[in-house]
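# Structural description and commentary
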Amino acid sequence: MTANELTIVKSTNLKPKPEKDQIPFGSTFTDHMFVMDYAEDKGWHEPRIVPYEPVTLDPAAMIFHYGQTVFEGLKAYRADGDRILMFRPEKNLERLNRSSDRLSIPPIDEDEVMNHLEELIRIEKDWVPATDGTSLYIRPFIIATDPNLAVAPSKTYKFMIILSPVGSYFSGGIHPVKIKVENEFTRAVKGGTGMAKTAGNYSSAYQAQSNAYKEGSADVLWLDGIEKRYIEEVGSMNIFFKINGEVVTPALSGSILKGITRMSILELLRDWDVPVVERKISIDELYEAYERGEVEEAFGTGTAAVISPVGELNWQGKKMTINNHEIGELSQKLYDTITGIQRGNVEDPYDWVVEVK
Ligand SMILES: *Cc1c(COP(=O)(O)O)cnc(C)c1O
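No experiment lies behind these values; they were computed from the predicted model shown. (Residues numbered from 1 in each chain as written. Predicted model: local features only at pLDDT ≥ 70, side-chain atom pairs only at ≥ 80, totals over all residues. Heavy atoms only, no water.)

Around the ligand sit 14 residues, and of these K197, Y202, E233, T261 and T303 come closest. In this structure, R95 approaches the ligand through a side-chain N or O atom, which is 2.8 Å from an oxygen atom. At 2.8 Å from an oxygen atom of the ligand is found a main-chain nitrogen or oxygen belonging to I260. For the ligand, whose unbound accessible area comes to 380 Å², protein coverage reaches 96%. For the shell around the ligand, the secondary-structure elements that each account for two or more residues are β12 (237-243) and α6 (260-271). Looking at the shell around the ligand residue by residue, the class counts come to four nonpolar, six polar and four charged. (Near = heavy atom within 4 Å. Polar contact = N/O pair within 3.5 Å; in protein donor to acceptor, adjacent residues only side chain to side chain. Areas by Shrake-Rupley, 256 points an atom, 1.4 Å probe, with all protein chains shown as cover. Helix = DSSP H or I, 4+ residues; strand = E, 2+ residues; numbered from the N terminus. Nonpolar A, V, L, I, M, F, W, Y, C, P; charged D, E, K, R; others polar.)

Those places that UniProt annotates as "modified residue: N6-(pyridoxal phosphate)lysine" (unreviewed entry) correspond, in this numbering, to K197. Tracing the backbone shows K197 in the loop between β9 (177-181) and α4 (200-203). Excluding residues that lie within four positions of it along the chain, K197 makes contacts with T69, V70, F71, E72, G73, R95, S99, Y202 and L257. (UniProt positions renumbered as here; feature names shortened; annotations may be inferred. Contact = heavy atoms within 4.5 Å.)

In this section: the packing of aromatic side chains. Per the stated rule, a full pass over the model turns up twelve aromatic pairs. Ring geometry for F25 and Y137: centres 5.7 Å apart, planes at 65°, overall edge-to-face. Taken together, the residues F25 in the loop between β1 (7-8) and β2 (32-39) and Y137 in strand β7 (residues 135-144) connect sequence positions 112 residues apart. Here the aromatic rings of W44 and F159 are separated by 6.3 Å at their centres, their planes lie at 75°, and the arrangement is edge-to-face. A residue pair is termed long-range when its members are at least 10 positions apart, and W44 in strand β3 (residues 43-51) and F159 in strand β8 (residues 156-166) qualify at 115 residues. Each member of the pair, W44 as well as F159, carries the same accessibility label: buried. Here the guanidinium or amino end of K333 rests over the ring plane of W272, the centre of that ring lying 4.1 Å away. (Phe/Tyr/Trp six-rings, centres within 6.5 Å; stacked < 30°, edge-to-face > 60°. Buried < 20%, exposed > 50% of the residue type's maximum accessible area, 1.4 Å probe, protein only. Lys NZ or Arg CZ within 6 Å of the ring centre and 35° of its normal.)

Moving on, we come to helix α2 (residues 89-102). Compared with an ideal rise of 1.5 Å per residue, which puts 14 residues at 20 Å, α2 spans 20 Å between its outermost C-alpha atoms and is within 8% of the ideal. Of the residues making up α2, those classed as buried are P89, N92, L93, R95, L96, N97, S99 and S100. (Expected span 1.5 Å × (residues − 1).)

The subject of this paragraph is the environment of D132. Considering the arrangement of structural elements, one finds D132 in the loop between α3 (110-123) and β7. Distance in space between the C-alpha atoms of D132 and Y77 is 9.4 Å, their sequence separation being 55 residues.

Our focus in this paragraph is the domain arrangement of the protein. When its domains are assigned, the protein resolves into domain 1 (7-166) and domain 2 (177-342). Relative placement of domain 1 and domain 2: their C-alpha centres are 28 Å apart. Of the residues lining the interface, 19 residues belong to domain 1; the matching set on domain 2 comes to 21 residues. With both chains or domains summed, domain 1 and domain 2 bury close to 1,800 Å², and 60% of this area falls on carbon and sulfur atoms. The tally of links between domain 1 and domain 2 comes to one salt bridge. For E267, the salt bridge goes to R88, with nearest N and O atoms at 3.3 Å. Those elements that provide at least two residues to the side of domain 1 that touches domain 2 are β4 (69-71), β5 (74-79), β6 (83-87) and α2. Tallying contributions element by element places α2 first for the side of domain 1 that touches domain 2, with six residues. (Domains from an automatic or database assignment. Buried area = accessible area lost by both parts, 1.4 Å probe. Salt bridge = Lys/Arg side-chain N within 4 Å of Asp/Glu carboxyl O.)

Structure (structure tokens):
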């Protein structure tokens, strides 16, 4: 056996699965997890699937001090005939490596990790829930493990994949939400880490988000960090507007996370011959279009919710009510198409879906 062959240790103490209507988000985990280690002399080595259990780390482990870490989020769905499908998982592993590059973490072998991920899903397939809207959330992540307080990249890392059955993001179907346009705090700037899925980007957003909740909003719309003018993202989702028949989404500026849902929507719209552009769009321009009655739809996009319609935007005392707080026709069609492809109910001419056999 070589150091790069997958080993599997099965749990002898299987956990009960959650009731199908009571699946909390992200707090229930399956029986097994994937682990692999990195050392300078060995590279990534000892890939293994082991019973889910706590990890032991030195208190000086670098992840605790300087946040050298990256993560991904994707899902496995149960389709008719008990087939298990993943949505564009290779894009997530590609992005994990792009994030790692930004954080000075060594790259993984995407093809090998894809095989290990499929094996993990195969072992845990009974954990993939079947009800509409539910799925098995997949969380790959890497942490720096050197016990060393020097401010420098770690020489050792741990890569892990944990799995969590999740319920429907919206109980009772998708519904438009109220969003606050954030004018004080910044999520990311060009040259920073906004394009990477790395821990600090999320905890640094909590303060703005909790202020928004207090004001009755579900999340914040981030503007660019320099001029506070150009629209970037909503919460942890990319954002789209339909203005006078044309779909607009902010161009990837270096501070925006390149969502796989965003990419899929762009591909679908182009395929449907719906006019769509990726460009800079300022909040002033949006408000002017709103005043002319041209803002027809707005929606956030991401793996968790797929499409999250925006019913209202609040920008420094100015309120924009979008599509009368109703789900737009295009938002609904995109939601139905993507969730249909993910669950195997809609034909997948793009080869987006990977079946775990
Ligand atoms: C993950 C994420 C998204 C959405 O990406 P998907 O690949 O579509 O899930 C958008 N913005 C941020 C900040 C994110 O972390």
